[in-house]
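Residue strings, one per chain:
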Amino acid sequence: LALIARWFAIPRARHHHLQLSAEQLDLLKREKGDFVADRFRQIVLGWRRTATFQRPTVRKQPNRPQRLALWDVLAVLVLLIVAAIGISQGWFGLSFRGKPEVKSSYIPDSVHGNPIVVVFVHGVFGTKDDTWLNPGSGASFPELLANDPELKGKLDVFAFEYFTPRFGAAPSIADLADQLRGALDDHRIFEDHKQTVFLAHSMGGIIVRQFILNNPDRMSKVPMIFFYATPTNGSDLASIAKFASANPQFRGMVPLESNDLLQSIQSMWLNSDKAKTIASYCGVEELPTLGVMVVPRSSATSLCNRGLDPFSTDHINIVKPTDRSDPRYTRFVSALRKEVPSVYLLH
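Structure report, in brief. The structure presented is a predicted model; accordingly, all values stated were derived computationally and were not measured.

Details of the packing of aromatic side chains
- Summed over all chains, the structure comprises 14 aromatic pairs.
- Plain terms: the ring middles of Tyr-106 and Phe-158 are 5.4 Å apart, the flat faces sit at 75° to each other, and that makes the pair edge-to-face. With Tyr-106 in strand β1 (residues 105-106) and Phe-158 in strand β3 (residues 155-160), this pair connects stretches of sequence that are 52 residues apart.
- Taken together, the ring pairs in this structure connect Phe-120, Trp-132, Phe-141, Phe-226, Tyr-228, Tyr-281, Phe-311, Tyr-329 and Phe-332 into an aromatic cluster.
- Of note, Arg-166 hangs over the ring of Phe-125, and the distance from its end group to the ring centre comes to 4.9 Å.
- Its guanidinium or amino end placed over the ring of Trp-269, Arg-209 lies 4.7 Å from that ring's centre, counting from NZ or CZ.

Observations regarding the environment of Leu-261
- Within the element layout of this structure, Leu-261 appears in helix α10 (residues 260-270).
- In this structure Leu-261 comes out as partly exposed when scored by relative accessible area, which is 22%.
- Sequence-distant contacts of Leu-261, that is, excluding residues within four places in its chain, are made with Ile-173, Gln-210 and Gly-252.

A closer look at α10
- Of the residues making up α10, those classed as buried are Leu-262, Ile-265 and Trp-269. Down the axis of α10, the buried side of the element spans an arc of 60°, and every buried residue falls inside it.
- Those residues of α10 hidden inside the fold are in contact with α8 (203-214), β5 (224-228), α11 (273-277) and β6 (279-285).
- Between the side-chain oxygen at the start of α10 and the backbone nitrogen of Leu-261 there is a gap of 3.0 Å, and the oxygen is on Asn-259.

Here we look at the side chain of His-193
- In this structure, His-193 sits in the loop between α7 (189-192) and β4 (195-201).
- Judged by its relative accessible area of 2%, His-193 falls in the buried class.
- The residues touching His-193, leaving out its near neighbours within four places in the chain, are Tyr-106, Asn-114, Pro-115, Ile-116, Val-117, Asp-156, Arg-188 and Lys-221.

A look at a nonpolar patch on the surface
- On the surface, a cluster of nonpolar side chains totalling about 330 Å² of accessible area is made up of Val-73, Leu-74, Leu-77 and Leu-80.
- Of note, Leu-74 is situated in helix α4 (residues 70-89).
- Assessed through its relative accessible area of 36%, Leu-74 is described here as partly exposed.

Description of the sheet that holds β6
- The strand order across the open sheet built from 7 strands is β1-β3-β2-β4-β5-β6-β7, with neighbouring strands paired in mixed fashion. The two strands at the open ends of the sheet, each matched to only one other strand, are β1 and β7 (308-311).
- The pairing of β5 with β6 spans 5 bridges and is parallel. Looking at β6, one finds that Phe-226 is bridged to Tyr-281.
- Along the sheet face, helix α6 (residues 173-186) touches β2 (116-121), β3 and β4 and points at about 140° away from the line of β3.
- Along the sheet face, α8 touches β2, β4 and β5 and points at about 145° away from the line of β4.

Structural notes on the state of the cysteines
- Scanning all chains against the criterion turns up 1 disulfide.
- A sulfur-sulfur distance of 1.6 Å marks the disulfide that ties Cys-282 to Cys-304. Taking the sign of the S-S torsion, -65° for the link of Cys-282 and Cys-304, the bridge is left-handed. Placement of Cys-282 in strand β6 and of Cys-304 in the loop between α12 (297-300) and β7 is noted, with a sequence separation of 22 residues between them.

Comments concerning the pattern of salt bridges
- On inspection of all chains with the given rule, the structure shows 9 salt bridges.
- When the shortest N-O distance is used, the salt bridge between Arg-181 and Asp-185 registers 3.7 Å. With Arg-181 and Asp-185 both in helix α6 and 4 residues apart, the pair spans about one turn of that helix.
- A relative accessible area of 27% means that Asp-185 is categorised as partly exposed.
- Between Arg-331 and Asp-309 there is a salt bridge; the shortest N-O distance is 3.8 Å. Here Asp-309 lies in strand β7 and Arg-331 lies in helix α13 (residues 327-339), a separation of 22 residues in the sequence.
- Salt bridges sharing common partners tie together Arg-181, Asp-185 and Arg-218.

Procedures and definitions
Residues numbered from 1 in each chain as written. Predicted model: local features only at pLDDT ≥ 70, side-chain atom pairs only at ≥ 80, totals over all residues. Heavy atoms only, no water. Phe/Tyr/Trp six-rings, centres within 6.5 Å; stacked < 30°, edge-to-face > 60°. Helix = DSSP H or I, 4+ residues; strand = E, 2+ residues; numbered from the N terminus. Lys NZ or Arg CZ within 6 Å of the ring centre and 35° of its normal. Buried < 20%, exposed > 50% of the residue type's maximum accessible area, 1.4 Å probe, protein only. Contact = heavy atoms within 4.5 Å. Arc of directions from axis to C-beta. Polar contact = N/O pair within 3.5 Å; in protein donor to acceptor, adjacent residues only side chain to side chain. Patch = residues over 30% accessible without salt bridge, like charges linked within 9 Å, V, L, I, M, F, W, Y side chains within 5 Å. Areas by Shrake-Rupley, 256 points an atom, 1.4 Å probe, with all protein chains shown as cover. Salt bridge = Lys/Arg side-chain N within 4 Å of Asp/Glu carboxyl O. Pairing = 2+ DSSP bridges. Axes fitted to C-alpha atoms, helices over the stretch in contact; angles between N-to-C directions. Disulfide = S-S within 2.5 Å.

Structure, rendered in structure tokens:
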């Protein structure tokens, strides 16, 4: 507060008072005569002498904002760094690490045995519940799909969940790809289903690509992947976020030019004949999130081999359909019917 008052409030108040004094002086000149005008001029000059004594720069450049001193800037930077480290380490009694307990499961959690399974993979900071939930309608993307009357008895829905805190240590993207493999093995996803389709949001798409490349023997059972706003070539926002958080997942999403992980995934994907045959659909965000485009179009559409699907929504809401008539839902179902053999989905 002291810094704000020093930089902005006091100089602006002084300048405002000087303007009012000048206006009043002109008014008094016209209405009250020379005697009152001379007296008011003395008051104004006295104020200006005081301002000149305290701030010489105000007299020379009264209309310019005051420049920040180097020590002021350094002090603010130090405070921000200490605050970020303190919050991430819990020095102030606050913790944003979240709970490392996560649970991947079928939706609904009951007996399953349909030929197709759709695996949902959320992005950074997400969970298997809130990522897909539309706060307005209360609809959940996985539940909409699992309870779709037209697909009932033809596919199952599985939601993968992993630990992704805003601050503090967390698994890397490479480790999350192995965690995905473990969760799929624990629930016998590939053993109990003939086809496995992935629906991934944001960083979840990178995890899925890494999983596919790590397990080439399973590619033949993956006919389709739908990527919703996945930063395949990285995101400039991740370059900023990695300095504010110790979460290593941000380092895996920095732009491609300085990202060994994304370079490796791109190279291996393009060099794999099997990976290139997987139908890859890409959803693109067309609206900014808090004034920022989280995943630019060039990054969201990289490595796609099917038609693009632009959505008039932001990065967070791109996977939150309101109902089964929402394009965010219908685009996926249309792609599913096209790419998965009809014998499994249609009578």
